Each structure stands twice: as structure tokens, then as C-alpha cells.
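# Working through the structure, step by step
As a plain string of letters, each chain reads:
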Amino acid sequence: MALAIARVAMPATARKGDVIEIKALMRHVMEPGYRVDNRGQIIPRDIVKSLSVMYAGAEVFRMDMHPAVAANPFVVFSTVAVETGELVFTWVDEKGAATVEKKLLTVTE
Amino acid sequence: MKRLTAAFVATLLVLPVLADSPATSPAIKPGSAFLSPELKTLQADEAANPGMLWVENGARLWSERIGSANRSCADCHGDAAASMKGVATTYPKVDAASGKLLNLEMRINACRTSQQRAEPLDYESEPLLALTVFVARQSLNMPMAVQVDGAAAPFYSKGKEFFHRRQGQLNLSCAQCHDGAAGARLRADVISNGAVTGYPAYRLEWQTLGSLHRRLRACSLGVRATQFDYGSEEYLSLELYLAKRSGGLPIETPGIRK
């Protein structure tokens, strides 16, 4: 089954120089690695370690995550609209696997 | 003596009326009415509400062809925004063919086995939750309106009896908390009226989306009573009673709950 794993909400268009708000929601269990199952075995840690957002050739947002972050991490940040282009969101998990989501921002003068 | 007898008869006459009149129960508020402003905001914002991840996933499953019939939900029902609008407000509902009471989860599974000729999904599994919340979401803000007469009447009275019966080691009925103490605090949470309009709901305690029956199991555990199975007749009848109690309240699934 294909799971919806990321949802990004942001304006599709903005005027140059505008500050835009971006909301990124990611489906992940964020298992902290401190819990035990019914048999007393440690449930292995399984977390997303970082979120990085590239836009207009620069990293506009970066966040490192740790075991205390709740499941399905939700992040809100803002950036300045400088040029038409894609915002590329990359979440990287424990094992180095990346989830990538892209959103086009159209910037008008 | 005569006066006493008259008083006794009068009591007998009044009691059944009191016990049976739904008008005597206080106005039922939706689950979101008991949330903090922050959680209300979280629930209302589609971009922030984590339950929307399941809604989106349900939309994908809606058009996925499965089973030996190789049919998707969309092949028969078309656009869910039109065909499923208002459907969730009428469930649980008695299936005319089998005479069984079905909730939305079971209706979806019945469709899977009879129309798509696929294996039924496990109750509380990710895909069943996703499809259920996706279908229910199509009735967003529409008032609950279940039928409790005719074939549904025995289930309704069973659910009502369940709601008012004391049970468990704590010897509590649902009504004692959800009618009598709604709005009061129980540890860190506020006791609600037990409206069902937010389910499937994302509970912070679960860190995931869960069905109404999962919530009912948690309530049963809380009063140290028997936990019935997912989809059991006990919980189905109770769900029907709760849905009737929530009559007129707008659907708000996926609700955020503590």
C-alpha cells in the first residue's frame, strides 16, 4: 500500500520579496528507541533525523530531529520569495533513506 | 395509606417517562468543544491536522483497482466528493440484505468482499482507517442523522442500555461521566459528551489515527470493564446510540483528541 508520507502546504504564487509561510507535515512513527514491546524487548529506534529545504540554489531551512520529536513531525517556517522555482523538501531517516517532496513557487514582480 | 398508594402509583407512572426521555439529557457538544484553543486550531487547519495524511492516503486507495474483480471504489462510485457526500452521517446503518448493523468500516469491507472480490481489511489497519476517514471526510460539516427506527430499533435500545448500565470494577456507566460529568477534568483531559463526529480521530495519546471502537476499548479499560472486540455487536449498538445522541452535530473527522 502506498502511504501518503508527506504533505506540504504553501502559496502557489507570491510577489517578489514577499515572506511566505510553509507548512510541512511528514508521516513517520518517530519511534524513540526507549520503549519496550510486550515481551520486554527494546523497540529499535526509528526516527527522521533531518529536514532540509532547498530553494533558489540555497538551503533555506534545515532542522535536525531527535527522539523527543513526536510522531508525524509538523514544521512551519517562512522564507522570502526571490524567484520562480521549486522548493525541494528532503527528509532523511535513520538509515539514510530520503523522502523528497517538491512544490513549485511562481514569483511575480 | 391511600395517599401513599397514590404517590407510589404516580412514581411508577413518572419513572419510565424520565428514564426514556432523551429530552432530559443535556445538550450534547462536539468533541472539539472540549479542546484547548491550540488543538482546535490544529484540527481545523488541513495543512496541520495529521489526520489529513490518512485522508490523502484514502483518496489514493479509493481509485486503486484491487481484488479478483479488478475494480476500484471509484469504478462504481465515481467521484467520492459527490457520491460519498452525506453518507457518513447515516452510519451505523442496518444492511437490508443481511439484517446486520454495519458501521462505515464494515460497510467498506462488505463492499470489498462482495463487489471487489478482495480480502477484507483488518479492523484498525492503516488502509481501512484511511478509507474510512476519507469517506467520512466527504461529509465534513454535515449534521449526523442516523436512523434508529424499524430494523435499527433493537440495536438502538441495546446501545442505549449499554450506555446507561454500570459496568467494570469501577462500577460506572458511560452516562455517569459523559452526561453527568462532561466538562470536568479527568487527569489531564476534559470529559466530553461522547459525541462520535470526530472519528476516526487522531489522538495525541496514540500518536496515530484510530477508530471509534479503539476509543471505546480505551474507555472500557478505563473503568476496568470487559473490552469488546473491534466491530463487536456491543460496540456497534453503542456506536448507533452515540451517533443518535450526536444527531445534528457536524462531522469533524479527522478530529484531534488528547
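In short, a report on the structure. Computed from a predicted structure; not experimentally measured.

## Description of the interface of chain A and chain B
Each partner contributes to the interface: chain A provides 13 residues, whereas chain B provides 12 residues. Put simply, the parts of the chain that give the side of chain A that touches chain B at least two residues each are β1 (6–9) and β3 (19–26) of chain A. Taken together, the residues of the side of chain A that touches chain B break down into nine nonpolar, one polar and three charged.

## Concerning the sheet that holds strand β6 (residues 74–80) of chain A
Residues and elements named next belong to chain A. The sheet built from three strands is open, its strands ordered β1-β3-β6 with antiparallel pairing. The two strands at the open ends of the sheet, each matched to only one other strand, are β1 and β6. The sheet shows a mean angle of 20° between the axes of neighbouring strands, direction not considered. Examined bridge by bridge, β3 and β6 share seven bridges and lie antiparallel to one another.

## What about the packing of helix α6 (residues 104–116) of chain B against helix α7 (residues 126–137) of chain B?
All names here are of chain B. At a closest axis distance of 9 Å, the pairing of α6 and α7 adopts a crossing angle of 110°. Considering the angle they form, α6 stands roughly perpendicular to α7. Contact with α6, carried on its side by Leu-104, Glu-105 and Ile-108, involves Leu-128, Leu-131, Thr-132, Val-135 and Ala-136 of α7 and no other residues of that element. Tallied by class, residues from the contact of α6 with α7 come to six nonpolar, one polar and one charged.

## So, the sheet that holds strand β5 (residues 201–203) of chain B
Residues and elements named next belong to chain B. The three strands lie next to each other as β6-β5-β7, forming an open sheet whose pairing is mixed. Each edge of the open sheet carries a strand with a single partner, namely β6 (208–210) and β7 (255–257). Each adjacent strand pair in this sheet contributes to an overall mean axis angle of 35°, direction not counted. In terms of strand pairing, β5 meets β7 through three bridges, oriented parallel. Bridging across to β7, Tyr-202 finds its partner in Ile-256.

Parameters and conventions
- Residues numbered from 1 in each chain as written.
- Chains lettered and ligands numbered in written order.
- Predicted model: local features only at pLDDT ≥ 70, side-chain atom pairs only at ≥ 80, totals over all residues.
- Contact = placed C-beta atoms within 7 Å.
- Helix = DSSP H or I, 4+ residues; strand = E, 2+ residues; numbered from the N terminus.
- Nonpolar A, V, L, I, M, F, W, Y, C, P; charged D, E, K, R; others polar.
- Pairing = 2+ DSSP bridges.
- Axes fitted to C-alpha atoms, helices over the stretch in contact; angles between N-to-C directions.
- Parallel < 35°, antiparallel > 145°, perpendicular 65-115°, else oblique.

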